[in-house]
Amino acid sequence: MSGNASRLSSIRAISSGKPIDVAMPKPLSKIWASDVFNLAKMEEALSKNAFKAMKKTVQTGSPLDAATADVVAAAMKDWAMSKGAKFFSHIFYPMTNATAEKHDGFIVTNAEGNAITEFTGSLLIKGEPDGSSFPNGSLRITNAARGYTAWDPTSPAYIMNTPNGATLMIPSVFMSWTGEALDKKIPLLRSNAAMDKAAKKVLSLMGEKNVATLNSSCGAEQEYFLVDENFANSRPDLLLAGRTLFGASPAKGQQFDDHYFGAIPERVQVFMQDFEDQLFRLGIPAKTHHNEVAPGQFEIAPYFEAANVAADHQQLLMTIIKNTAKKHGFLALLHEKPFAGINGSGKHVNWSVGNSTQGNLLDPGHTPEENLNFLLFCGAVIRGVHLFGPLLRAVIATASNDHRLGANEAPPAILSVYLGDQLEKVFKDIQAGDLQPSVCGGEMDLGLSQILSFTRDPGDRNRTSPFAFTGNRFEFRAVGSSQSVSGPLVAMNTMLADSLDWVAGKLEAALDSGLDQASAVLSVLKDLMDEHSNVIFGGDGYSDEWHKIAVEERGLKNIPTTADALPAFQDPAIIALFEKTGVLSPVELASRYEVYSEQYILSIEVEAKLVIDMATTSIYPAAATYLSELTSAIASASSVGVSLDNSLAQKVATTADAMMADVTALSAAIAQHDFPTVEDHMKFCANEIRTLMDSVRTHADLLETMVADNVWPLPKYSEMLFIK
């Protein structure tokens, strides 16, 4: 079927489409975590001693002995098989934003040739995928390929149900034979441990006697687009790159602001019900869903969880959203900018730190100026963002997120901290040496008797801030929608660990000098603010004025592209940060730079090849066909003495020729690979290849507005964005 015939057929198919039939949802109490081997299931299945050991491991990270692992393995196998599972998989998260899994059967044969089931502690604890077949940054090579997966008992195992059956999924870490981390989970666990150790130092100095293990928590708001699969299947760019490389802006996009929080289309509502039922069965606390700003864009937000579990759940959520969308006749797009000219998608990572004894240490309470623990931890975050802003930019750096950052829909590429009016005044008072009682938001009273009054938050929200305090947590707003949250969490935990170590040293010296506790805390925080207050900004992050002030007056860095951001992993200060905290060795950090750089280059080169292919085999032929029709019509009219305007034909011909000239230049550009360094190659991709791709697109999108609709081969924005 030709391109335009396929597009027109898709339109007809969608016009008669209806939501698929799904079962009515069961009560939450019936399905919640029903497919998870969590502590509640373990308490039923394990001996008292085994359960006690597992609970201690899950809650405090204490080591688990091999004998207990055998008991857990047997109970886990029996539970999984009762749910219909015949296979198990150590699921892990390599140095991409993807999920990896290798499936093994419970089945073995005995001497008599009979099939029996077996799952021992040794099988639970360790698996063995090939360490050189995943991106590894030269940590593994083909002739030294061994890699291991190892069970992470702090993240619960679960059943993944598919039409082909059920599989027991065991969250795992992934390492080389020589012990280096090849994944995103090991650094996350290490960063939590480093943060816990440093936080306990500070809390001990603050006189806290009973300090439980501290953990970071995460709640990630996932944005995504849905496109009808009939259209998606006619768009090679959507299928292979996750975004439209061509597409003229429609007459109606998001300019009426009529999609955000609007009525959810029926097909999407049915999809969401199905999707969220699956999440609930897996113990993923999906709490909020709604239409987002752009047409065809939606959001789902889970409740807070421990960072390690939240990171695993985020990976699982992205897998389920794609699979469920396909079942409902959609393609789910997690790319940060699937459509030019309308808002892209982010994944706001809400992050806090706390434990069971001191609670959330980023909760200011009603009088933050009196909450000394909060002030120290919040101050440590401010210092961390100021010192390691380039690291935070690097961990959100991808080819896809570059399209979104700083585009008046996402935070700018300058890392700053927003505290809100109340907290900003508290910290400024501390810096000035004159701490005053803070002012809360006050009461919201509209003067309408039927509307109940309520207490306002102490500060407004700032959607232009990349790192904003939002009441009892920080929201890292610049994370991309397709990314794993592990990288950002590792960076935040590690910078906090470093800052808390600094705070502990300063606080101990101040206390030893004879200052009382409150005076010592204020002294430490004044020094901190004197050095790091430049990173605090509560204004419009999109304004040209801020970009100038941030760089020229405050010394902050504007890091616009991934090519500019990733070299931060080679910064001696960042290498020292990770080595000192024990989160990543210099070799492990270097491997990440190599992997992420390669991913960036490959992403842009794949897109460039798609641009060349689609322009050459779809768009140019459509323009040529239409030009032939125009010139034929003009010639026929002329033969009977009628003169038709030929300006459109000339414009089509000129634009098509200009497009193909840029295609030739782009083809030559992507053939270049003789660069002195990886950094030079990345900059070439960012500055040369991307520019040529944009130029090809400009011509192609202009052709879309001129070529007859029945000839144009690609589904248009106006067709794809508005779900029927």
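Check the entry above for the structure.
Residues numbered from 1 in each chain as written. Predicted model: local features only at pLDDT ≥ 70, side-chain atom pairs only at ≥ 80, totals over all residues. Heavy atoms only, no water.

## Quick look at the overall build of the protein
Test applied: In this description a helix means any DSSP run of H or I spanning at least four residues, a strand means any run of E spanning at least two, and both kinds are numbered starting from the N terminus. When we talk radius of gyration, it's over C-alpha atoms, and the globule rule is simply 2.2 Å times the number of residues to the 0.38. Three labels apply to residues, based on accessible area from a 1.4 Å probe with only protein chains included: buried if under 20% of the type maximum, exposed if over 50%, partly exposed otherwise in between. Any two residues whose heavy atoms approach within 4.5 Å at even a single point are treated as in contact. Methods summary: accessible areas were calculated by the Shrake-Rupley approach with a probe of 1.4 Å, and residue burial reflects only the protein chains presented. By the counting rule applied here, Lys and Arg register as positive and Asp and Glu as negative, while His and the ends of each chain are not counted. Just so you know, the charge point we use is NZ for Lys, CZ for Arg, CG for Asp and CD for Glu.
Scanning the protein for helices and strands turns up 22 helices and 21 strands. Relative to its length of 724 residues, the protein is compact, with a C-alpha radius of gyration of 28 Å against a globular reference of 27 Å. With the C-alpha coordinates aligned to their principal axes, the bounding extent of the protein is approximately 105 × 80 × 70 Å. Residues classed as buried in the protein amount to 53% of the 724 residues present. Relative to all contacts within the protein whose residues are 6 or more apart in sequence, the contacts with residues 24 or more apart total 75%. Here the protein displays about 30900 Å² of accessible surface, and carbon together with sulfur accounts for 53% of that area. The protein carries 59 positive and 83 negative side-chain charges, and their two centres are separated by 5 Å.

## Side note on the nonpolar core
Going by this rule: Remark: nonpolar core denotes a set of buried residues (Ala, Val, Leu, Ile, Met, Phe, Trp, Tyr, Cys) joined through side-chain atoms within 4.5 Å.
Counting residues in each nonpolar core, the largest one holds 135 residues, and the members touching the most others are Phe467 and Phe476. In terms of residue count, the dominant contributor to this core is helix 19 (residues 586-639) (19 residues). Leave out the neighbours within four places in its chain, and Phe476 touches Lys347, His348, Val349, Leu392, Val395, Ile396, Leu415, Pro466, Phe467, Pro488 and Met492. Grouped together as the second largest cluster of nonpolar side chains are 30 residues, Leu282, Ile300, Met318 and Ile321 included.

## Focus: the packing of helix 19 against helix 21 (residues 678-704)
Let me state the cut-off plainly: Axis geometry follows a simple rule: fit a line to the C-alpha atoms, using only the stretch in contact for helices, then measure angles between N-to-C directions, giving values from 0 to 180 degrees. Should an angle fall under 35 degrees it is taken as roughly parallel, and over 145 as roughly antiparallel, whereas 65 to 115 is taken as roughly perpendicular and any remaining angle as oblique. We call a crossing left-handed when the near helix sits turned anticlockwise from the far one by less than a right angle, and right-handed when that turn is clockwise. Each residue receives one of three labels: charged for Asp, Glu, Lys and Arg, nonpolar for Ala, Val, Leu, Ile, Met, Phe, Trp, Tyr, Cys and Pro, and polar for the others, Gly being one of them.
It is at 10 Å that the axes of helix 19 and helix 21 come closest, and there the two elements cross at 25°. As the angle between them shows, helix 19 and helix 21 are arranged roughly parallel. As helix 19 runs across helix 21, the sense of the crossing is left-handed. Within the contact between the two elements, helix 19 uses Tyr593, Ser597, Tyr600, Ile601, Ile604, Glu605, Glu607, Ala608, Val611, Ala615, Ile619 and Ala623 and helix 21 uses Val678, Glu679, His681, Met682, Cys685, Ala686, Ile689, Arg690, Met693, Val696, Ala700 and Leu703. Broken down by class, the residue content of the contact of helix 19 with helix 21 amounts to 18 nonpolar, two polar and four charged.

## Quick notes on a nonpolar patch on the surface
Operational definition: The patch calculation keeps residues exceeding 30% relative accessible area without a salt bridge and links them within 9 Å when they carry like charges or within 5 Å when they are nonpolar (Val, Leu, Ile, Met, Phe, Trp, Tyr). Salt-bridge detection follows one rule: a side-chain nitrogen of Lys or Arg within 4 Å of a carboxyl oxygen of Asp or Glu.
Together, Leu446, Leu448 and Ile451 make up an exposed nonpolar region whose accessible area comes to about 280 Å². With respect to the helices and strands, the residue Ile451 is situated in the loop between strand 18 (443-444) and strand 19 (454-455). On the basis of relative accessibility, which here comes to 41%, the residue Ile451 falls in the partly exposed class.

## Here we look at the state of the cysteines
Operational definition: In what follows, a disulfide is any cysteine sulfur pair within 2.5 Å.
In this structure the tally under the stated criterion is zero disulfides. No disulfide involves Cys218; its nearest neighbouring cysteine sulfur is the one of Cys378, lying 18 Å away. Residue class for Cys218 comes out buried when judged on its relative accessible area of 2%. You can call Cys378 buried: its relative accessible area is 0%.

## Regarding the pattern of salt bridges
Applying the stated criterion across every chain yields a total of 24 salt bridges. With its nearest N and O atoms 3.4 Å apart, the salt bridge here joins Lys200 to Asp196. Placement of both Lys200 and Asp196 in helix 7 (residues 185-205) is noted, with a separation of four residues, approximately one turn of the helix. With a shortest N-O distance of 2.9 Å, Asp429 and Lys425 are connected by a salt bridge. Residue Asp429 and its partner Lys425 are both found in helix 13 (residues 421-432); the two are separated by four residues, about one turn of the helix.

## What to know about the packing of helix 19 against helix 20 (residues 647-670)
Orientation of helix 19 relative to helix 20, taken along the N-to-C sense of each, is 160°, at an axis distance of 9 Å. Between helix 19 and helix 20, the angle falls in the class roughly antiparallel. Between helix 19 and helix 20 lies a crossing of left-handed hand. Looking at the contact of helix 19 with helix 20 residue by residue, the class counts come to 21 nonpolar, two polar and three charged.

## What about the pairing of strand 2 (residues 85-92)?
Using the following cut-off: Pairs of strands are assigned from DSSP output, requiring at least two bridges between the strands.
Most of strand 2 sits inside the fold, with six of its eight residues counted as buried. As paired strands, strand 2 and strand 9 (residues 165-176) are joined by six bridges and run parallel to one another. Its bridge partner lying in strand 9, His90 is registered against Ile170. Relative to strand 3 (residues 100-105), strand 2 is paired through six bridges, and the arrangement is antiparallel. Looking at the pairing, Phe87 lines up with Gly105 of strand 3.

## Quick word on the side chain of Asn192
The criterion, for reference: Two N or O atoms count as a polar contact when they lie within 3.5 Å, although within protein this holds only if one can serve as hydrogen donor and the other as acceptor, and sequence-adjacent residues are included solely when both atoms are side-chain atoms.
In this fold, Asn192 is placed in helix 7. Among the polar contacts made by the side chain of Asn192, one reaches the side chain of Ser216 at a distance of 2.8 Å. Among all residues touching Asn192, those that are not within four sequence positions of it are Leu214, Asn215, Ser216, Ala307, Asn308 and Asn493.

## So, helix 14 (residues 486-512)
Rules: A helix is expected to span 1.5 Å for every residue after the first.
Its 27 residues place the ends of helix 14 38 Å apart at the C-alpha level, agreeing with the 39 Å of an ideal helix rising 1.5 Å per residue. Phi for Gly514, located one or two positions after helix 14, is positive at around 105°.

## Considering the pairing of strand 10 (residues 215-228)
Counting buried residues in strand 10 gives 13 out of 14 residues, a clear majority hidden from the surface. One ladder, built from eight bridges, connects strand 10 with strand 15 (residues 347-355); its direction is antiparallel. Bridge pairing in strand 15 places Glu221 opposite His348. Relative to strand 13 (residues 305-306), strand 10 is paired through two bridges, and the arrangement is antiparallel. Across the sheet, residue Cys218 finds its bridge partner in strand 13, namely Glu305. Pairing geometry for strand 10 and strand 12 (residues 297-302), over four bridges, is antiparallel. Bridged to Glu223 within strand 12 is Glu299. Bridging between strand 10 and strand 14 (residues 330-333) involves four bridges; their strand directions are antiparallel. What sits directly across from Asp228, in strand 14, is Phe330.

## Some points on helix 13
Over its twelve residues, helix 13 runs 16 Å from end to end, which matches the ideal 16 Å to within 8%, given 1.5 Å per residue. Listing the buried residues of helix 13 in full gives Gln422, Leu423, Glu424, Val426, Phe427, Asp429 and Ile430. Buried residues in helix 13 make contact with helix 12 (372-394), strand 20 (467-469) and helix 15 (517-532). A positive phi of about 75° marks Gly433, the residue just after helix 13.

## Focus: the packing of aromatic side chains
Aromatic ring pairs are defined here through the distance separating the ring centres and the angle between the ring planes. Rules: Only Phe, Tyr and Trp rings take part, Trp by its six-membered ring, and two of them pair if their centres are within 6.5 Å. Stacked means planes under 30 degrees apart, edge-to-face means over 60, and tilted covers everything else.
Evaluation of the coordinates by the stated rule reveals 22 aromatic pairs. Centroid distance Phe469 to Phe474: 5.2 Å. Interplanar angle 70°. Geometry classified as edge-to-face. Among the residues examined, Phe469 registers a relative accessible area of 7% and is labelled buried. Grouping aromatic residues by their ring pairs yields a cluster made of Trp351, Phe374, Phe467, Phe469, Phe474 and Phe476.

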